[in-house]
Amino acid sequence: MAASVADICFLFWCFLVSNFCGFEGVYAIDSENEDIDTLQFHWGSKLVTTLWTSVPCWYGVSFVTGVATLLMVILWWNKNDNEVENFVPNAAPRRPTEGDREPTQQQTSRAQAANQNGRLLKKSSEITSEKKGRLRVFYGTQTGTAKSFAEDLAKAATASGMSAEVVDLLTFDPESHILPETEGLVTCVFILATYSEGLPTKSATWFCQWLEESTTDFRVHKSLLKGLKYAVFGLGNSLYEGHYNQVGKNVDSWLSILSASAVVERGEGDQNVAESKHGGVGEDFAAWKESLLQKLTSSSKDCCSSQAQSCECGKTDGGCCQETQDDNDEELYDSSSEEEVSDVEDAQDGSSKVTETNGLTDLEDLGKVMKKMKKAKDDRASAKSAEPREMITPMLRKALTKQGYRLIGSHSGVKLCRWTKSMLRGRGGCYKHTFYGIESHRCMETTPSLACANKCVFCWRHHTNPVGTEWRWKMDDPETILEGALQNHYKLMKEFKGVPGVKPERMAEAMQVQHCALSLVGEPIMYPEINRFAKLLHSHKISTFLVTNAQFPEAIRSMVPVTQLYVSVDASTKESLKKIDRPLFRDFWPRLLSSLEALSEKGQRTVYRLTIVNGWNNEEIDAYANLVNIGKPDFIEVKGVTYCGESKASTLTMKNIPWHEEVVGFVKKLVDLLPDYDIACEHEHSNCILAAHKKFKKDDGSWWTWIDYAKFHELMADFVASDGEKKFNALDYMTKTPAWAVFGCKEQGFDPEETRFRRKGKNKDLSGC
């Protein structure tokens, strides 16, 4: 490059000479222009000819011009660098204030010592800010809980005098969020939820992938994050065995492998109230947050201030011996997971061999691990011996109350159905009114157990209710639950007095509940006293419609007769059921099959409830037919999934919602595979179709799907009086279905005695809204 620059410079120099002497004099040998000065011509021609023909002259000129050019380039480059370094955008001269002080002699000596090692001390104001502590809180969430925790932590840290920022891991960038913080000036906190199968949430997927690959990539040094201070809090549910808080454990382990230092022990929030250390995920986080802030604030108080104290340790790299001592005195937290600790636990059984872990737990730290393990065992033992906790935590109570629930005791709830409100105004009833003849305005929707064993993707409660696989909470007696349910239901009904459109006679009837839908939320059959509760309802002449998620087969077998027993069959294969229902039980599929077999043994009315989700289970018709042959239900309700709005707990969109015609087509294909069944009724408003066993169809072609409720209560009273000797079946309390409710009629399931309400100028039907 230098040679080429020299050549260019030489040619430029020749150009100047030719201009000085004249082009004709330089390049012409015989000039015909007599006006040219002879001396000028010969001088220029001779000079150029000599330079072009003289090799030493050529190399000499090239060398000189090349060196001169390089020197000029270097000087120009250095000048620009100095200008860039000294440039501060939008900076203006600042007038000295009273707060500006001359540096003390001690500060001057320290600055000089630091400058001798090639480092500049930061301004005292910046150092003071760093001593107060800075917090960067990252969160990965699915339902929003981790985000609320992150914001709560940032708010608490700010109140403690620290600066804090909240970062969604969806926007995570290692170059700007983590790698620059390896000097220990910022503490990075990670609040992470574990989704299904132990996987991270969508927002945290890339972060976890980057972190894991950094630990396995041979090109990445294991000291990549050395100096980084961090803390991890995981959210999960201990009922998901094998995957509990897996994401939090993984992130803690990966950060440790990359030489980052944990400020406090990893926190774990457990949605399983019965096993939660502090009584719920919110309480677990509150306790961990307190310990984290206490650690951070105590560390900042112990650090020496650059303005108030001096350091005589002789260090000249900007550090402090007192800071080093604090770091050495800091407790080292083991980031190994429970699985790793279990390896050490296995070694206590008389075996002299200690199972080697992945390098996170050193043999020298075995005493600390054993102490921690013993403490955990003691905590579990004390938790089991302690009084059972309430199912409804303060956080759940707040969320459910906001959604309109009236909570009863510690595990029950009641809420008004929109169809109850609709029928009060004469705008139509629900699908149970069309299919089975209930009076929707006299129906109470309640549950004795808010907990559920599934976390379905189409859950219309957005997973705000608790989950569980067995009853491990405080238990209220059935009398208390029924009394509380009726009181709260009537209070909700009274709020509609005076509402425009409410019919007085319907309001009077509504104050006498005759039906109870035990399908509000959760798994009612989990309640240990469900049989007593059902009998209590029957004694009050209240019919019972009990819904179960087919995960408790023994409870179904031991269930006393109810008016109608439902089993939700959300998918027809093991793979799709796992994907849709996300069950807590590992043996969820055998449980489903066993529940269907138990249903076939019941003598009263039984129902399969199928929820169709486009793209998930709408193509499994043959498999559904096989399941029907196992349970042999009296009825099959097929309903299109209801879109409940955007939810972080679900990925469903309007594309997954089938049209009513699609549901009808699905049922037609299904009954073609089931010779004992046919389509009986439809309720177009609910996007629901009823297929019934042909035993409910008379010889004249009329359907008898409706229920004679007075007859049912009479049969139930005889059953109880005879201590179960007088049995009855579904055919003993059936009655004729009206023509308007039968499939194929022009009403499409809408009661002609009701008034269909439409907004002016729009065709949208708002019945039930």
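*Asks:* I keep staring at the overall build of the protein chain and nothing clicks. Help me out?
*Replies:* Secondary structure assignment for the protein chain yields 26 helices and 18 strands. Of all 769 residues assigned to the protein chain, the portion counted as buried reaches 47%. Expressed as a percentage of contacts within the protein chain between residues at least 6 apart in sequence, the contacts between residues at least 24 apart total 74%.

*Asks:* In this structure, what is going on with the packing of aromatic side chains? I would like to understand it.
*Replies:* One pair of aromatic rings is described through two measures. These are the centre distance and the angle between the planes. Per the stated rule, a full pass over the model turns up 25 aromatic pairs. Measuring from ring centre to ring centre gives 4.3 Å for Phe149 and Phe285, while their planes differ by 5°; the resulting arrangement is stacked. Placement of Phe149 in helix 7 (residues 145–159) and of Phe285 in helix 11 (residues 281–302) is noted, with a sequence separation of 136 residues between them. Its relative accessible area of 5% is what places Phe149 among the buried residues. Assessed through its relative accessible area of 2%, Phe285 is described here as buried. Here Phe552 and Phe585 contribute two aromatic rings whose centre-to-centre distance is 5.6 Å and whose plane-to-plane angle is 80°, an arrangement assigned as edge-to-face. Here the residue Phe552 occupies a position in the loop between strand 11 (543–548) and helix 21 (553–557), and Phe585 occupies one in the loop between helix 22 (574–581) and helix 23 (588–600), the gap between them amounting to 33 residues. Side by side, Phe552 and Phe585 carry an identical accessibility label, which is buried. Connected via pairs of aromatic rings, a cluster forms that spans Phe138, Phe172, Phe190, Trp206, Phe207 and Trp210. One residue, Lys415, lies across the ring of Tyr405, its end atom 4.9 Å from the ring centre. In this structure, Arg591 is placed above the aromatic ring of Phe585, and the distance from its NZ or CZ to the ring centre is 3.8 Å.

*Asks:* Would you explain unusual backbone geometry in this entry?
*Replies:* Phi is mostly negative for residues that are not glycine, and the peptide bonds are mostly trans. Here Ser259, not a glycine, exhibits a phi torsion of approximately 75°, which is positive. The residue Ser259 is located in the loop between helix 10 (246–257) and strand 5 (261–262) in this model. Classification of Ser259 as partly exposed rests on a relative accessible area of 26%.

*Asks:* Please clarify how the packing of helix 9 (residues 205–216) against helix 10 should be interpreted in this entry.
*Replies:* Each pair of packed helices gets described by two things: the angle between the helix axes and the distance between those axes. At a closest axis distance of 9 Å, the pairing of helix 9 and helix 10 adopts a crossing angle of 40°. The angle between the axes of helix 9 and helix 10 places the two elements in the oblique class. Both helix 9 and helix 10 take part in a crossing whose hand is left-handed. Contacts from Phe207, Cys208, Leu211, Glu212 and Thr215 in helix 9 reach Val247, Val251, Trp254, Leu255 and Ile257 in helix 10. Split by residue class, the contact of helix 9 with helix 10 holds eight nonpolar, one polar and one charged.

*Asks:* What is the right way to look at helix 26 (residues 709–721) in this model?
*Replies:* In an α-helix, one turn spans 3.6 residues; hence positions three or four apart end up facing the same way. For helix 26, which comprises 13 residues, the first-to-last C-alpha distance of 18 Å matches the rise-based estimate of 18 Å (1.5 Å per residue) to within 8%. Buried positions along helix 26 lie against helix 17 (431–436), strand 10 (515–518), helix 20 (530–539), strand 11 and strand 17 (706–707). A positive backbone phi angle near 55° is found at Asp723, which sits one or two residues after helix 26.

*Asks:* Help me out: how do you make sense of the packing of helix 23 against helix 24 (residues 621–631) in this one?
*Replies:* Close contact between helix 23 and helix 24 brings their axes to 7 Å; oriented N to C, the two are set at 50°. Looking at the two axes, helix 23 sits oblique to helix 24. From helix 23, Trp589, Leu593, Leu596, Glu597, Leu599 and Ser600 reach across to helix 24, where they touch Leu627, Ile630 and Gly631. Along the lines of polarity and charge, the residues of the contact of helix 23 with helix 24 split into six nonpolar, two polar and one charged.

*Asks:* Could you clarify how one ought to interpret the sheet that holds strand 9 (residues 443–447) in this entry?
*Replies:* Pairing between the strands of a sheet is mediated by backbone hydrogen bonds and can be parallel or antiparallel. An order of 7-8-9-10-11-12-13-14-16-15 is seen for the ten strands of this open sheet, with the pairing classed as mixed. Single-partner strands in this sheet number two, and they are strand 7 (406–408) and strand 15 (677–683). Each neighbouring strand pair of the sheet contributes to a mean axis angle of 25°, computed without reference to strand direction.

Cut-offs and rules
- Every chain's residues receive numbers from 1 upward, in the order its sequence appears when written.
- Per-residue local features are limited, in this predicted model, to residues with pLDDT of at least 70; the limit for side-chain atom pairs, both in listing and counting, is 80 or more; totals at the level of whole chains, interfaces and linings are taken over all residues.
- Excluding hydrogens and water, the side-chain values take into account all heavy atoms of the structure.
- A helix here means a DSSP run of H or I that spans at least four residues, while a strand means a run of E at least two residues long, and both kinds are numbered starting from the N terminus.
- Here the term buried applies to any residue with accessible area under 20% of the maximum for its type, exposed to any over 50%, and partly exposed to those in between, with areas from a 1.4 Å probe on protein chains only.
- Residues count as neighbours in contact if any of their non-hydrogen atoms are within 4.5 Å of one another.
- The criterion for an aromatic pair is that two Phe, Tyr or Trp rings (for Trp, the six-membered ring) have centres within 6.5 Å, with stacked assigned to planes under 30 degrees apart, edge-to-face to planes over 60 apart and tilted to the rest.
- Two conditions define a charge sitting above a ring: the NZ of Lys or the CZ of Arg must be within 6 Å of the ring centre, and it must be within 35 degrees of the ring normal.
- Every axis in this analysis is a line fitted to C-alpha atoms, fitted for helices over the stretch in contact. Angles between the N-to-C directions lie between 0 and 180 degrees.
- Angles are sorted into four bins: roughly parallel if under 35 degrees, roughly antiparallel if over 145, roughly perpendicular if 65 to 115, and oblique for all others.
- By definition, turning the near helix anticlockwise from the far helix through less than a right angle yields a left-handed crossing, and turning it clockwise yields a right-handed one.
- Residue polarity follows a fixed list, in which Ala, Val, Leu, Ile, Met, Phe, Trp, Tyr, Cys and Pro are nonpolar, Asp, Glu, Lys and Arg are charged, and the others, Gly among them, are polar.
- A helix's residues, less one, multiplied by 1.5 Å, set its expected span.
- At least two DSSP bridges between two strands are needed for those strands to be called paired.

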